[in-house]
Each structure stands twice: as structure tokens, then as C-alpha cells.
There are 2 protein chains.
Amino acid sequence: MGRWEPDARGRLQQAAMELFVEHGYERTTTADIAARAGLSERTYFRHFPDKREVLFDATHALDTLVVDGIAAAPADAPPLDVLAAGLRAGAGMLDGLGDHARARTAVITSQGELRERELAKMSGLVTASAAALVERGVAEAPALLAAEAGVAAFRVAFERWVATPGGPPLPDVVDTVLAELRRVVAPA
Amino acid sequence: MGRWEPDARGRLQQAAMELFVEHGYERTTTADIAARAGLSERTYFRHFPDKREVLFDATHALDTLVVDGIAAAPADAPPLDVLAAGLRAGAGMLDGLGDHARARTAVITSQGELRERELAKMSGLVTASAAALVERGVAEAPALLAAEAGVAAFRVAFERWVATPGGPPLPDVVDTVLAELRRVVAPA
């Protein structure tokens, strides 16, 4: 066992963001990240399987918050309202990350393989949300559709929030975009 | 210039699908695909940039059909109805591919990097659809939300259609799922 490294994970994430912003994602290696964090590359790989994953740690936390929010919503609420409660909880966490979330988005947008991984993570959030809705007794088809549409709205809200620093907090933007979604997808 | 190869592109796609189904995606090389098609590996790379892309040729055709269908929809239709017309046109093409589309889906589902590429292509369809709606005078925010929700419904419909051979044709499944989406996302 290696010696205990206080908050090695957080230091690696911080170092990675700094280097990606300073030199770009392509020109940064996992060895560079470990060195900047004052840790060994081996420690890096104890925490993250590859160079990409250091940017995606918060998505586990996001999934958990959304799923817990879904489970805690009022019993009689319709599926999209239940999901909205979960998305709002996740949005609150991301809103607290502020500048970090913005810098991270700039890095991800700059690079094709990171954009693909981000889409895969969002697809994971759809699956987790749909499963949490089914857990509450929603049928599979409406659960999946609510999750797809709701998470798409969440992504649109996130992009809007990133593009407007100093604007409304993310949970409010999520509510706004969900209301827009309801209007656009109103029954014909 | 190489000599003219009649339908080299189609032969490479056919050969690739056969080999992916017979031996799996991982164990098939671009040289194997070219050999099965009776072509050189150089010819392969004149048509496709990597091993993945041979599976994604139809997505260009799909994007074009959806975008053209959006442009041709009645002038006064609401955004999601306009998009539905485009998605139905794309669905008609995929429905005609039948067993090929099913075999292709099985290959893509089996492999993480193919799933990520597929998500990226669907994200491209969202972007293209939203742009086509904006082109018709829809404002950017509702155009993006309609595109996100509509393409998500299209994906759900496609998965349902793949899972039920002998069931209703894909355009009908798309209509069914869009109606379900409208019910789930009804204004609160």
C-alpha cells in the first residue's frame, strides 16, 4: 500500500484542470498531472483509469443526487415533476462548483473524445433517472421518455448557465428550461 | 488514382457487417474488411477514416432526410410537428434497411467506443434538426428543445422497433413514441 495522500483525488483533479487550461488537453500527460499534484503517476492510476476520467468525477455525484432527489419527491407527482426535483438537486451541486464547472466545460468542448465521453455520461444519467422512476412505480416507456426529455433539458440549461456567468443560478435555469420544454412539447 | 471499383463503398459496408457479426468487432481489422470485399486496404481508407465509420454511413443519409423533411413541412405547423415530419422521413429510410439495421445495432450495442460514436452521431442529428428549425424561423431555444426531445423520442422508437421484429414499421413507432412523449411532458 502507498502512504496516505491527503485528498489525492481532489489534488489530481485540480492539477489536471490547471494543466488542461494552461497547455490544452492534448499536450498534457497523466505524468504531468501527477507531478503538478506532487504525487506519483501510479497514484494517478489508483484513482482514475485514464486521462479522460479525471474530468468526469462529479458525474457520479450528479447521478446520485438526481436519483436520491427522484426517490424523495412527493408520491403523487407526475413523472417529469419527479425528475425535475432530482435534476434541481443535481443542479444545486453543480451551481456550487461555479468557475470550475465553466473551465471544465471549455476543456470538454475543445476536444472530440471528451465530448463523446460527456455524452456517454449524460446517457448514463438518463438510464439512472429512468430506473429511479421505474422504482417509484412509473411504467418503463414513460419513465424512459421523461428521463430522455428531462436530461436533455438539463443539458440545455447547463449550457445556457455556462454561457451566462453572473446570470441566474443553475437550479432556476433548469426550471426555466423545463417550462420551455413543456410548451414546445405540448400535446398537439 | 486507383481504378474504378463498382460500389466499393457498399461492398465494404456489407463485408464489415458480415465480419463483425461472424467474428466480433474487436477481432476484425480494416485489412480483413477490404479482403472480404475484394478490395485493397488503401481503398478502405479512401472511403472511411477508421474502422468505426464504416458502420455510420447511413447517419449522413438520415440527417439529410430529416433536414429535408423539416424544410418541406407545412409552414404553420408547430416546431415538434415540423420535426416529426422530418423524423418520419428518416424512419422510412431506416425501416427499408430492416435486418441490416438490426444487425448493425447488435454490433454497436456490444462495444463501448461504438456506443459513444453512435451517441455523437445522434447529437449531430439534434444539431442539424435544430438548425433546420431555426432556418424556418423557430427561435433558437425552442428549436433546440424540440430537437433534443424529438431525437430522444426517435432513439427510443428505434430501440423499440429493433427489439420487435415483425412489429409495426418504424415510422409508425416514431409516431407512437412522439405521442407518448407529448403525454409525459404535458404542461403541468
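Residues numbered from 1 in each chain as written. Chains lettered and ligands numbered in written order. Predicted model: local features only at pLDDT ≥ 70, side-chain atom pairs only at ≥ 80, totals over all residues. Heavy atoms only, no water.

Per an unreviewed UniProt entry, chain A carries the name Transcriptional regulator, TetR family and comes from Klenkia brasiliensis.

Trainee: Describe the overall build of chain A, with residues and values.
Mentor: The helix and strand inventory of chain A stands at 9 helices and 0 strands. Moving toward the C terminus, one meets the helices and strands of chain A in the order α-α-α-α-α-α-α-α-α. Here the C-alpha coordinates of chain A stretch approximately 55 × 35 × 25 Å along the principal axes. Looking at chain A as a whole, 48% of its 188 residues qualify as buried. Considering only contacts within chain A whose residues lie at least 6 apart along the sequence, 65% involve residues at least 24 apart. Accessible area for chain A stands at about 8700 Å²; split by element, carbon and sulfur atoms hold 56% of it. Side chains of chain A carry 20 positive and 26 negative charges; the gap between the two charge centres is 4 Å. (Helix = DSSP H or I, 4+ residues; strand = E, 2+ residues; numbered from the N terminus. Buried < 20%, exposed > 50% of the residue type's maximum accessible area, 1.4 Å probe, protein only. Contact = heavy atoms within 4.5 Å. Areas by Shrake-Rupley, 256 points an atom, 1.4 Å probe, with all protein chains shown as cover. Lys, Arg positive; Asp, Glu negative; His and termini not counted. Charge placed at Lys NZ, Arg CZ, Asp CG, Glu CD.)

Trainee: For the nonpolar core, give the residues involved together with the corresponding values.
Mentor: Counting residues in each nonpolar core, the largest one holds 80 residues, and the members touching the most others are A:Val174, A:Leu181, A:Val185, B:Val174, B:Leu181 and B:Val185. With 20 residues, the next largest nonpolar core counts B:Leu12, B:Ala15, B:Leu39 and B:Val54 among its residues. (Core = buried A, V, L, I, M, F, W, Y, C linked by side-chain atoms within 4.5 Å.)

Trainee: An account of the relation of the copies chain B and chain A is requested, with residue identities and associated values reported.
Mentor: Screw-axis analysis of chain B against chain A gives a translation of 0.0 Å along the axis, an RMSD of 0.1 Å, and a rotation angle of 180°. Classification of the inter-copy transformation places it as that of a two-fold axis. When the interface residues of chain B are mapped onto chain A, 100% of them again fall at the interface, so both copies present the same face. (Least-squares fit on C-alpha atoms with pLDDT ≥ 70 in both.)

Trainee: I'd like a description of the pattern of salt bridges, backed by residues and values.
Mentor: Counted under the stated rule, the structure contains 26 salt bridges over all chains. A salt bridge links A:Glu53 to A:Lys121, with the nearest nitrogen and oxygen atoms 3.2 Å apart. Taken as a pair, A:Glu53 in the loop between α3 (41-47) and α4 (58-72) and A:Lys121 in helix α7 (residues 112-135) lie far apart in primary sequence, 68 residues in all. Between B:Arg117 and B:Asp50 there is a salt bridge whose closest N-O contact spans 3.3 Å. Of this pair, B:Arg117 sits in helix α7 (residues 112-135) while B:Asp50 sits in the loop between α3 (41-47) and α4 (57-72); the two residues are 67 residues apart in sequence, bridging distant segments of the chain. Overall, B:Arg117 belongs to the buried group, its relative accessible area being 10%. For B:Asp50, a relative accessible area of 25% translates into the label partly exposed. Put simply, A:Asp50, A:Arg52, A:Glu53, A:Arg117, A:Lys121 and B:Glu116 are held in one network by salt bridges that share partners. (Salt bridge = Lys/Arg side-chain N within 4 Å of Asp/Glu carboxyl O.)

Trainee: Give me the lowdown on the UniProt feature "domain: HTH tetR-type" (unreviewed entry) in chain A, citing residues and values where you can.
Mentor: Sequence positions flagged by UniProt for "domain: HTH tetR-type" (unreviewed entry) are, in local numbering, residues 6-66 of chain A. As a span, residues 6-66 of chain A carries 64% helix and 0% strand, and end to end its C-alpha atoms are 28 Å apart. (UniProt positions renumbered as here; feature names shortened; annotations may be inferred.)

Trainee: Break down the side chain of A:Ser129 for me, with residues and values.
Mentor: Here A:Ser129 is to be found in helix α7. Among the polar contacts listed, one links the side chain of A:Ser129 to the backbone oxygen of A:Leu125, at a separation of 2.7 Å. (Polar contact = N/O pair within 3.5 Å; in protein donor to acceptor, adjacent residues only side chain to side chain.)

Trainee: For the interface of chain B and chain A, give the residues involved together with the corresponding values.
Mentor: For an interface, size is often stated in terms of accessible area lost upon the parts coming together. The partner chain A presents 29 residues to the 29 residues of chain B that form the contact. Both faces combined, the contact of chain B with chain A buries some 2500 Å², and carbon together with sulfur accounts for 71% of it. Summed over the shared surface of chain B and chain A, the result is 6 salt bridges. B:Glu116 is the partner of A:Arg117 in a salt bridge, and the nearest nitrogen-oxygen pair spans 3.5 Å. Counting residues per element, the ones that place at least two in the side of chain B that touches chain A are α5 (79-97), α7, α8 (140-163) and α9 (170-184) of chain B. Taken together, the residues of the side of chain B that touches chain A break down into 19 nonpolar, 1 polar and 9 charged. (Buried area = accessible area lost by both parts, 1.4 Å probe. Nonpolar A, V, L, I, M, F, W, Y, C, P; charged D, E, K, R; others polar.)

Trainee: A description of the confidence of the model for chain A should follow, citing residues and the corresponding values.
Mentor: Any region with low pLDDT has predicted coordinates that should not be read closely. Across chain A, pLDDT averages 91, with 97% of residues at or above 70. Ranking the helices and strands of chain A by mean pLDDT puts helix α2 (residues 30-36) of chain A first, with 97, and helix α6 (residues 99-109) of chain A last, with 87. (pLDDT = per-residue confidence, 0-100.)

Trainee: Can you lay out the UniProt feature "DNA-binding region" (unreviewed entry) in chain A for me, pointing to particular residues and giving the numbers?
Mentor: Following the UniProt record, one finds the feature "DNA-binding region" (unreviewed entry) at residues 29-48 of chain A. Structurally, residues 29-48 of chain A is divided into 70% helix and 0% strand, and its ends, taken at the C-alpha atoms, are 13 Å apart.

Trainee: Describe the domain arrangement of chain A, and please don't skip the residues or the numbers.
Mentor: Residue and element names in this part refer to chain A. Domain annotation for chain A reports domain 1 (8-53) and domain 2 (56-184). Distance between the C-alpha centres of domain 1 and domain 2: 27 Å. Between domain 1 and domain 2, the residue contacts involve 11 residues of the former and 11 residues of the latter. Three residues, Met17, Arg52 and Glu53, lead the burial of domain 1 against domain 2; their summed loss comes to 58% of the area buried on that side. On inspection of domain 1 and its partner domain 2, the count reaches 4 salt bridges. (Domains from an automatic or database assignment.)

Trainee: Would you mind going over α6(A) in detail, with residue names and values included?
Mentor: Burial in α6(A) covers these residues: A:Ala101, A:Arg102, A:Arg104, A:Thr105, A:Val107 and A:Ile108. Where α6(A) is buried, its residues touch α1 (8-23), α4, α5 (79-97), α7 and α8 (140-163) of chain A.

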